[in-house]
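Coordinates in review
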Amino acid sequence: MTCKKRWTALLLVVCLLLGTAACAGKGAAGTTTAAAAETTTAAAETTAAAAETTAAAAETTAAGKSYQGTTLKVWLATLNSEDVDAKFWKEHFQTFTEKTGCAVELTLVDWGTMFTQYTTAFMANEGPDVLYVPGGGAYDLVQMGVLADVQDYFTDEEKDNLLYWDTGAVNGKWYTVPFDGGGSQRCMFFNMDLLKAAGVEDYPKTWDELVAAAKKVLAYDSSLYAYMTPLSGPHAPLSTYEQLLYQAGGSMMNADCSAYAFDSDASLKAVTFLHDMIYKDKILSKDCVSMTAENITDLFTEGKVAMCSSYIGWDTSGCDFNWVAATDLKGTTEAALNPIDYLSVSNTASNMDAAVDLVKFIISDAVCDDVRATLDVGMGKMTKTDQYQPDAHFQDIMEHPERSYSQPNGPSMSDVFANLNDLQQMVAMDELTPQEFCTQAQAMGDSEFTK
Amino acid sequence: MRNLRKSGAVGWGFVLPSFLFVAAFSALPILGGAYYSFTRFNGFNAPEWIGLENYAALPRDGDFLRALQNTGIFALVIVPCEIVLALAIAAVLAEKYQNAFGRFVRGALFVPVLCSSALAGNIFYYVFSADGGSLANTVLSWFGAARVNWLGSRGTALGVICFVNIWKNFGYYLVILYAGIMDVPRVLYEAAEIDGASKTQQFFHVTLPSLKSVVYIVVTLCTIASFQVFDIAYVMTGGGPGNGTTSLVLEIYSKAFKGYRFGYASAIGMVLFLLVIAVTLAQRKFFRERAEE
Amino acid sequence: MNIGSARACRRSLRSRAGNLLLALLLLLLVAICIYPFIHMVLVSLMGAKSMKLSWDRLLHAQWTLKNYRRILSGSGSYLRYTLNTVLLALYSCALTCAVSSMAAYAFAKKKMRGGNRLFVLYLATMMVPEQVILIPTFLIIKNMGLLNTYTGLTLPTVTAFGTVLVTSFMKNVPNELLEAADIDGCGEFRKFVKIVLPMIRPVMISLFIFTFIGVWGSLIWPLVAATNNDMTTITLAVSKMKSGRSATDYGYVMAGNTVAFLPPFLLYLFLQRQFVEGIALSGIKA
């Protein structure tokens, strides 16, 4: 069996080499065509843009591009579940292959171990050509030097059409193309039945209103959870500390993304509020320290929670009471995290044009519509041409993207979040003062840069 | 003399295959890890030699110190509980239940060993959930006690992690000890009975001494395993709350695979290694002295 | 009825009560050990996405086999992963049992210069956690060109543990038998296969089971050593089931866990009988 695998591998390599050699000529022609398209008149550009936004983005390659013989390795994160995703992408990549002759090899990666797999794969020179990069994760991959700058492959029209194009920049270069956002948009969920019963007519919109409403709920029935926010699990720092930070007017990183900004006034305000919610106002139960976002949505479904900070995208079908979702609260400003995930092309890709075209294909409106329908992932509006209409509950939130911010790119974000979560848990357990949080978080953030 | 040398040569012949495996896939990687502990290595770019810098940073690292403390707690709680439990049950089963019931019990108590630690962690996470509906809190309510946020405070979280680790592994040692007890020659028991020894006395004066080498191995394996608590803690608390339940291996994992500091993580690994060697040597001495009694 | 037999009666009653208590305690332990698996199977059949179990939920459950149907039908990949994992596990078991029993024989029965020191080295290699040696091992396998192969995935699973375990039981093999065989002019290897191996059968079966379980449940090594999804193990595949962006369907995840749990469980059930017989025999002989 090992022998056979070795021969198969050798055969594949030979095919790839032959294919690349054959493509080389055509590939060069393709690049010239793209460059020519950018420098021609507005008419040509509009045609190119219009063609792009139709079903198969691969049709722009009608100008003569064909990637016969190339195979692209694509690594995508599992959006729904492995079997559903695999079937979905197989069908769509079939369309791409038919249009361009380029074969696509898909591997689905797991969120938790994504970066381990990327690191070891690139170390072994077996990295993918197109890869899924979660928000905030680009920095490390850029440091490794494995991502390619793709801004020259997109026309101005295309860049304009993508609502979140700007967020993909790292030091003036574009290594990532926005693919999927709005689906884990953070927002507040309110059980209106419970609130009304407690005497709260309208859901709270600011920090002070939250505290007042929560106190009323507890006065009405102290066995309920008035307000919950996750302090455990992967969502925790993003849903809790980070939201409060931005709502207090601060941000994760400084203006030019050269340092983390955890030791700011806004940060202190945010953490103090968190601490007060537990110890001064007593509206946030310490149980949250061991609760993940899932625990909380479970309890919300059971009607035990009046208000909680959560995200769009969990299964609300079990809620048999009136509930409302609203953009997260206002401290000084209204802010909610809209995590956006990206696609990148690696600079070890055998055929850059094919890779970029595949990326464009995946982010095309038609495919994204299908992603929403089949994979049941609440992707928001990603392009100007997208006709997507969100569920009535979330319409208000999704129609006001200016209230949301997206994750900046910094080094070792997953480590930063893990550490932030530790620190916020310690504040929640009264083992750390808010000022200590800020100082230690800043020191931790700085050490990530000097690593 | 020639026989001895021949015996030695044959011995080496038999050891050779195993030796090749251990050398290539255990010893060599450990040396690799030791090398990395003196470098700054992000897993991708070439490692950069920095001497003892990683080790110097350890005493200032709150997470590391906490992990050291927790690992000590895990070892001190898990090892005695598991061994005593496994030994007691093995003895009871060997004595009273060498029948279908005994086989059933032994089989059932081994089943936790068969599942993955991640599954165990996931299920017990719900058993020990903080809200009133969880199994643990429901049981508490039968006794009139208030609900507890099991995984939300360090003391109870450590207790829960110890509990789940014991749950997962004691069947392993039960099986080994049971095999050992069954190996004790019947004649010794008969002699003791003639001397008028009670069942308990027989256990302490016949069974235990005969089990010496097996108990030694089991205690050693259990100690080594308890120093490496990771999967269950990772799934249930992620090392939280704060860094309350972090362990040395958890720190190694998060520093290496989340923080991309393989050099620093290797340094922690080396410290763990030296710690386990020290403890194992101490245990060896303890058992040697016991043997000389 | 005289006083003696009354006392005997009371003693027997007390010991009967004691026995009953003991049996109940054992059953309680059994319940604690088995409960999580019952939870797992119930959740997989309940037709809901939540992991929570309560009388309420049980009463209102919509029992269904849809999760299992999904696993078994979905492009057959879970069956392929299971097959993969079985092959890997058996490969590792074969290597480990062969190699460990030979080395244990040498350590326990042959006097070798430096044998003790080597044994201590073996013990030492078990004291370093997997995470520390992961990257070096990965680089070694990569340089041998064995990434994404069954051999590459299996070789590092042969550790010193097997040798250490078997050595302690090897000491129970009586030297007289071996010396008798020597006098009969029996060759070394023949001695090993015909005399030693049958005597240590219980511990070899234990080693087989432990190795199988170890390889079956290992997560991090298959993750990095197999960049090709075809080589994924079932445990790894199941651990990835809950990581989609959409709400986790725990019914499906638990069904996957059940499927991943079955082979080691069935193997143990099957081998347990043999294991028990082996022990009973050796006990009586002694």
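Nothing here was measured: the structure is a model prediction, and the numbers come from that model.

1. With respect to the overall build of chain C
Counting its regular elements, chain C contains 14 helices and zero strands. Within chain C, the fraction of its 286 residues that count as buried is 47%. Expressed as a percentage of contacts within chain C between residues at least 6 apart in sequence, the contacts between residues at least 24 apart total 76%.

2. Considerations on the sheet that holds strand β12 (residues 340-345) of chain A
All names here are of chain A. Taken in spatial order, the five strands of this open sheet run β2-β1-β3-β12-β6, and their pairing is mixed. Edge positions in the open sheet fall to β2 (103-109) and β6 (176-181), since each of these has one partner strand only. Adjacent strand axes in the sheet meet at a mean angle of 25° when their direction is disregarded. Here strand β1 (residues 71-77) runs beside β2; their pairing, made up of seven bridges, is parallel. Its bridge partner lying in β2, Lys 73 is registered against Glu 105. Packed onto the sheet, helix α3 (residues 82-100) meets β1 and β2 and runs at close to 160° relative to β2.

3. Comments concerning the packing of helix α11 (residues 265-279) of chain A against helix α17 (residues 434-449) of chain A
Residues and elements named next belong to chain A. For the pair α11 and α17, interaxial distance at closest approach is 8 Å and the crossing angle is 135°. With respect to α17, the element α11 is oriented oblique. Once α11 is placed against α17, the crossing between them reads as right-handed. From α11, Ser 267, Leu 268, Val 271, Thr 272 and His 275 reach across to α17, where they touch Pro 434, Gln 435, Phe 437 and Cys 438.

4. Some words on the interface of chain B and chain A
The partner chain A presents 24 residues to the 19 residues of chain B that form the contact. Split into classes, the residues belonging to the side of chain B that touches chain A amount to six nonpolar, ten polar and three charged.

5. Overview of the domain arrangement of chain C
As far as domains go, chain C holds domain 1 (3-59) and domain 2 (67-285). At the interface, ten residues of domain 1 of chain C touch nine residues of domain 2 of chain C.

6. Considering the interface of chain B and chain C
Across the contact, 66 residues belong to chain B and 69 residues belong to chain C. Contributions of two or more residues to the side of chain B that touches chain C are made by α1 (2-36), α4 (100-114), α5 (117-127), α7 (154-182), α10 (212-226), α12 (248-257) and α13 (262-291) of chain B. Among the elements that line the side of chain B that touches chain C, the one with the most residues is α1(B), at 21 residues. Per-class residue counts for the side of chain B that touches chain C are 48 nonpolar, 16 polar and two charged.

7. Section: the confidence of the model for chain C
Residue and element names in this part refer to chain C. When pLDDT is averaged along chain C, the result is 83; 89% of the residues meet or exceed 70. Averaged pLDDT values for the elements of chain C fall to 73 in helix α14 (residues 250-285) and rise to 91 in helix α7 (residues 150-154). Among the scores for the predicted complex, ipTM is 0.86 and pTM is 0.82.

8. Here we look at the pairing of strand β7 (residues 186-191) of chain A
Residue and element names in this part refer to chain A. Of all the six residues making up β7, six are buried; the element is thus mostly covered by neighbouring parts of the structure. Across five bridges, the pairing between β7 and strand β9 (residues 305-311) is antiparallel. The residue bridging Phe 190 from the neighbouring strand is Met 307, located in β9. Here β7 runs beside strand β10 (residues 323-327); their pairing, made up of five bridges, is antiparallel. Bridge pairing in β10 links Phe 189 to Ala 325.

Calculation criteria
- Residues numbered from 1 in each chain as written.
- Chains lettered and ligands numbered in written order.
- Predicted model: local features only at pLDDT ≥ 70, side-chain atom pairs only at ≥ 80, totals over all residues.
- Helix = DSSP H or I, 4+ residues; strand = E, 2+ residues; numbered from the N terminus.
- Buried ≥ 20, exposed ≤ 12 C-beta atoms within 10 Å, placed from the backbone.
- Contact = placed C-beta atoms within 7 Å.
- Pairing = 2+ DSSP bridges.
- Axes fitted to C-alpha atoms, helices over the stretch in contact; angles between N-to-C directions.
- Parallel < 35°, antiparallel > 145°, perpendicular 65-115°, else oblique.
- Left-handed = near helix turned anticlockwise from the far one by under 90°.
- Nonpolar A, V, L, I, M, F, W, Y, C, P; charged D, E, K, R; others polar.
- Domains from an automatic or database assignment.
- pLDDT = per-residue confidence, 0-100.

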